[in-house]
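Read off the chains here:
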4 protein chains.
Amino acid sequence: MSSLDFSLAPELIVSDWINTTDSLSLEKLKGQLIVIYAFQMLCPGCVSHSIPQAKKVHEYYADSPVKIIGLHSVFEHHEAMKKYALEVFNHEYKLGFPVAIDQESKDGLIPQTMQRYKLRGTPSLIIIDEQGQLRLNHFGHLDDLVVGNMIGSLLAKEEIATNDKEEVLSASRCNDEGCSI
Amino acid sequence: MSSLDFSLAPELIVSDWINTTDSLSLEKLKGQLIVIYAFQMLCPGCVSHSIPQAKKVHEYYADSPVKIIGLHSVFEHHEAMKKYALEVFNHEYKLGFPVAIDQESKDGLIPQTMQRYKLRGTPSLIIIDEQGQLRLNHFGHLDDLVVGNMIGSLLAKEEIATNDKEEVLSASRCNDEGCSI
Amino acid sequence: MSSLDFSLAPELIVSDWINTTDSLSLEKLKGQLIVIYAFQMLCPGCVSHSIPQAKKVHEYYADSPVKIIGLHSVFEHHEAMKKYALEVFNHEYKLGFPVAIDQESKDGLIPQTMQRYKLRGTPSLIIIDEQGQLRLNHFGHLDDLVVGNMIGSLLAKEEIATNDKEEVLSASRCNDEGCSI
Amino acid sequence: MSSLDFSLAPELIVSDWINTTDSLSLEKLKGQLIVIYAFQMLCPGCVSHSIPQAKKVHEYYADSPVKIIGLHSVFEHHEAMKKYALEVFNHEYKLGFPVAIDQESKDGLIPQTMQRYKLRGTPSLIIIDEQGQLRLNHFGHLDDLVVGNMIGSLLAKEEIATNDKEEVLSASRCNDEGCSI
């Protein structure tokens, strides 16, 4: 895969992490497919659609090289969405996946990762492949079918790029429950 | 891809087709990814979950080498689900994709394709890859995320197996709406 | 309550009943609040919205003088929705409440109760009070809140009209679970 | 209606109001049916079920003597749900109805109205009739059908208690859209 095909995803600029003892970074996560849900804890569309999807994706891909990250990119009402409030939200909604707090900018408005990725708002979905290339940067909610299709597609391409093909495919088999792919 | 890895999907045994002027067959569709929704028009789980998903999958993959087929596999209450009734159901629910009527067996109970695929009931989901190999044979409803992941994965593997890799990947680009994969 | 306020609901014209050993009639049911869900078994809006609501209303008002009746008013595709098919539908969807089959008209199109009530289509909701007066004749689905409000209102008016008021009200009491009305 | 039948609802103890220029009280609202949704802005069950229902009830009964009030009864994570945060929540979720902030207790745990009503948690639904009597005090979410039934029932009882019966009933009429109750 040529690094010319997609632009490299810029590093996240993070002031703090929740749900992880280590500070994460795209650099550290290279080799995994990174799925980033940018949200605000008081954004209704995020709470009703994106957070539930993020939790489902996190659970479904638990044994895959897929890393789900929440990115709390507060661009309004900053006082109401500080770290302590986010921790309560995280506790009550049982997020389960690591959440990065997007670093405030100097003017206190659009946080730094949000600026760098030119996010248009929340919710936004960012997907970064195993080579660190930006594959999706989407504003708004996407249907589960669409997200599943994208992740499945990228995982398959990566699998084939880095493994002996026959070996990968022969790992899948049918059993009484059905045939897994 | 080795033909030894998965069993070849047996041909459909069909008495009639709806929503297509041509009789279809796995043989004729080789080279496409075939997604078969086995259902009964009076099966509540099919009507509330599988049929809506089949319609969504049909619409989402309209421009892809993915072929959605309904398979009306009646194994109970045959009198109430004859071809005329199915045509009404198809009209009212605006199915849109071709529907095969599974050929009745001589004893009039389990129809022939259902027997051949050892379907455990309806709804069932069958996925057959471009080489005609059986990749999924699942009884019950699957979440949109799971189905999207499977189709995306199989499409990507096929794409890479049959195309020049760089060419395929470079076809995807970002625009103002986001980056498509 | 004056019988001049609302028109008397015309009697149902029914060729057959399902889920009841007795033939019912408005005449026989006088003294109960009658809630009639007119539907067709192959009408998508009926199946996805009205039938589930009818089952919920039937269950919630099980111990009240509220009688839920399905009215199968077939005005199109008659061949696909004959009694045998309806019985299968009733079995699969576990309707639970009595279902009247609206008597076919001589020309075979709009059935007779549907004509008499001037129903505009299916689903339709008809509510008849304890005096046999028509209180609602609505085409389309109504929200659960609206239907609950109507039934609760009519039950309360009837209760007060026919009982000693203090006695009725004092029957309601609070317990640890909350206060019932 | 005897004041002995139900206990009088104790007055709300409120530190502040949102969405109303006047401080409200049960005393001031006497003569209306008061429906109180006790919630916390970071309680998932409140956000997904009770708040949407409260908005629907508020809209449906806009022209009725029904008063919807939110009661923000914070009994945990107080720092994250202070007035400023609630105002943001109110703005983002477009609540529309007046919201009372339950007065903190001296120990800073269970707020005073919550204590007085012995609420078991959030969400809770409280209904107070036109005489100021407590008619419902329920912990957890109730189905729209149930809430509609309760409000409809109480409104009807009150209507009949305070009006000339014939006059009230004759105000309802059928038109082409259906018959309103």
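For clarity, every value in this text was computed on a predicted model and none was experimentally measured. (Residues numbered from 1 in each chain as written. Chains lettered and ligands numbered in written order. Predicted model: local features only at pLDDT ≥ 70, side-chain atom pairs only at ≥ 80, totals over all residues.)

S.K.: So what exactly am I meant to see when it comes to the overall build of chain A here?
M.R.: Counting its regular elements, chain A contains six helices and eight strands. Helices and strands appear in chain A in the N-to-C order β-α-β-α-β-α-β-α-β-β-α-α-β-β. Among the 181 residues that make up chain A, the fraction classed as buried is 43%. Contacts in chain A between residues far apart in sequence, at least 24 positions, make up 72% of those at least 6 positions apart. (Helix = DSSP H or I, 4+ residues; strand = E, 2+ residues; numbered from the N terminus. Buried ≥ 20, exposed ≤ 12 C-beta atoms within 10 Å, placed from the backbone. Contact = placed C-beta atoms within 7 Å.)

S.K.: I keep staring at the environment of Gln115 of chain B and nothing clicks. Help me out?
M.R.: All names here are of chain B. Relative to the assigned elements, Gln115 resides in helix 4 (residues 112-116). Separated by ten residues in sequence, Gln115 and Ser105 have C-alpha atoms that sit 8.9 Å apart. Ignoring any residue separated from it by four or fewer positions in sequence, one finds Gln115 in contact with Ser105 and Ile110.

S.K.: Help me out: how do you make sense of the sheet that holds strand 6 (residues 134-139) of chain B in this one?
M.R.: Paired through their backbone hydrogen bonds, the strands of a sheet run either parallel or antiparallel. Residue and element names in this part refer to chain B. Across the sheet, six strands lie side by side as 1-4-3-2-5-6; this open sheet has mixed pairing. Two strands close off the open sheet at either side, each with one partner strand: strand 1 (14-18) and strand 6. Going from strand to strand, the sheet's axes swing by 20 degrees on average, the running direction of each strand aside. Sheet topology note: the strand 2 (residues 33-39)/strand 3 (residues 66-72) ladder contains seven bridges and is parallel. Paired with Leu33 across the bridge in strand 3 is Val66. Along the sheet, helix 2 (residues 44-60) makes contact with strand 2 and strand 3, crossing strand 2 at roughly 160 degrees. Against the sheet, helix 3 (residues 83-93) contacts strand 1, strand 3 and strand 4 (99-102), and its axis sits at roughly 30 degrees relative to strand 1. (Pairing = 2+ DSSP bridges. Axes fitted to C-alpha atoms, helices over the stretch in contact; angles between N-to-C directions.)

S.K.: For this particular structure, what's the right way to read the sheet that holds strand 5 (residues 124-128) of chain A?
M.R.: Residue and element names in this part refer to chain A. Judged by pairing direction, the sheet is mixed, and its six strands sit side by side in the order 1-4-3-2-5-6 without closing on themselves. Two strands close off the open sheet at either side, each with one partner strand: strand 1 (14-18) and strand 6 (134-139). Sheet twist, expressed as the mean angle between neighbouring strand axes with direction ignored, is 20 degrees. Where strand 1 meets strand 4 (residues 99-102), four bridges bridge the pair, whose relative direction is antiparallel. Looking at strand 4, one finds that Val14 is bridged to Asp102. Along the sheet, helix 3 (residues 83-93) contacts strand 1, strand 3 (66-72) and strand 4; its crossing angle with strand 1, the most-contacted strand, is approximately 30 degrees.

S.K.: How should helix 2 (residues 44-60) of chain A be read in this particular structure?
M.R.: In an α-helix, one turn spans 3.6 residues, which is why side chains three or four residues apart end up on the same side. Residue and element names in this part refer to chain A. Here helix 2 spans 24 Å end to end across 17 residues, near enough to the 24 Å set by a 1.5 Å rise per residue. Where helix 2 bends most, the angle comes to about 35 degrees, and this point is Ser50, followed within four residues by the proline Pro52. Among the residues of helix 2, Cys46, Val47, Ser50, Ile51, Gln53, Ala54, Val57 and His58 are the ones counted as buried. (Expected span 1.5 Å × (residues − 1). Bend = angle between axes of the 7 residues up to and from the residue.)

S.K.: Explain the pairing of strand 5 (residues 124-128) of chain B to me, please; I cannot follow it from the model alone.
M.R.: Residues and elements named next belong to chain B. The buried fraction of strand 5 amounts to five of the five residues, a majority that puts the element mostly inside the structure. Pairing of strand 5 with strand 6, which is carried by five bridges, proceeds in the antiparallel orientation. Within strand 6, the position partnered with Leu125 by the bridge is His138. If you look at the hairpin formed by strand 5 and strand 6, you'll find five residues sitting between the two strands, and Gly132 has a positive phi there, around 85 degrees.

Take it as geometry only, folks, not as evidence of what the structure does.
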